[in-house]
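Structure at a glance
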Amino acid sequence: MFSTNAVLVTFDGMEARIGSITADDERFMPWRTVDGQDFAHRGTPELETLLRGVFTRENLLALIRDFIVFGDKAKGHSRSSRAD
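Predicted model only: the values in this text are computed from it and were never measured.

1. Considerations on the overall build of the protein
For the protein, the count of helices and strands is 2 helices and 4 strands. Counting from the amino terminus, helix and strand elements in the protein follow one another as β-β-α-α-β-β. A separation threshold of at least 6 residues defines the contact pool for the protein, and within that pool the share at least 24 residues apart is 23%. For the protein, the accessible area works out to roughly 6,900 Å², and carbon and sulfur atoms hold 53% of it.

2. Thoughts on the pairing of strand β2 (residues 16-19)
Judged by which residues are buried, β2 turns out to be covered on both faces: A16 and I18 on one side and R17 and G19 on the other are all buried. Note: strand β1 (residues 8-11) against β2, 4 bridges, orientation antiparallel. Within β2, the position partnered with L8 by the bridge is G19. Between β1 and β2, which pair antiparallel in sequence order, lie 4 residues; one of them, G13, sits at a positive phi of approximately 100 degrees.

3. Regarding helix α1 (residues 46-54)
Among the residues making up α1, those that are buried are E46, T49, L50, G53 and V54. For α1, the angular spread of the buried residues around the axis is 100 degrees, confining them to a single face. Considering only its buried residues, α1 is in contact with β1, β2 and α2 (57-67).

4. As for the nonpolar core
By size, the foremost hydrophobic cluster in this structure holds 5 residues: A16, I18, L50, V54 and L63. Among the elements of the structure, β2 and α1 are those that each provide at least two residues to this core.

5. A closer look at the pattern of salt bridges
For the structure on display, the rule yields 5 salt bridges. For the salt bridge of E46 with R32, the shortest nitrogen-to-oxygen distance reads 3.5 Å. Note that E46 is positioned in helix α1 and R32 in the loop between β2 and α1, a separation of 14 residues in sequence. Judged by its relative accessible area of 17%, E46 falls in the buried class. The shortest N-O distance in the salt bridge between D66 and R65 comes to 3.1 Å. The network of salt bridges with shared partners includes E15, R17, R32 and E46.

Thresholds, definitions, all that
Residues numbered from 1 in each chain as written. Predicted model: local features only at pLDDT ≥ 70, side-chain atom pairs only at ≥ 80, totals over all residues. Heavy atoms only, no water. Helix = DSSP H or I, 4+ residues; strand = E, 2+ residues; numbered from the N terminus. Contact = heavy atoms within 4.5 Å. Areas by Shrake-Rupley, 256 points an atom, 1.4 Å probe, with all protein chains shown as cover. Buried < 20%, exposed > 50% of the residue type's maximum accessible area, 1.4 Å probe, protein only. Pairing = 2+ DSSP bridges. Arc of directions from axis to C-beta. Core = buried A, V, L, I, M, F, W, Y, C linked by side-chain atoms within 4.5 Å. Salt bridge = Lys/Arg side-chain N within 4 Å of Asp/Glu carboxyl O.

What follows is the structure, encoded as C-alpha cells:
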C-alpha cells in the first residue's frame, strides 16, 4: 500500500520533518527553505516552510526525478528514477 510513496511528512504541532518510507527516525529531517536561497528563521512554523518549499509542482517533481532511487528486488539491482 505504501510502496509508491515518494516522501513522508511528520508533524507534531511544533516540528515538521520529511523523509522516505524506508528511512529511520534519525533520517527524517527538517526542511529549512521555501525558495532555496533564504533559510527560515528559528520560530518560523516548520510545517509551512516544508509545505511551501517541497510541494510546489516544480520542487516536488525535481525531488522525485533527481533524488529518489527505485529498487528492483526481483532483479537484484537498483535504478535511478532519472532517465539517462
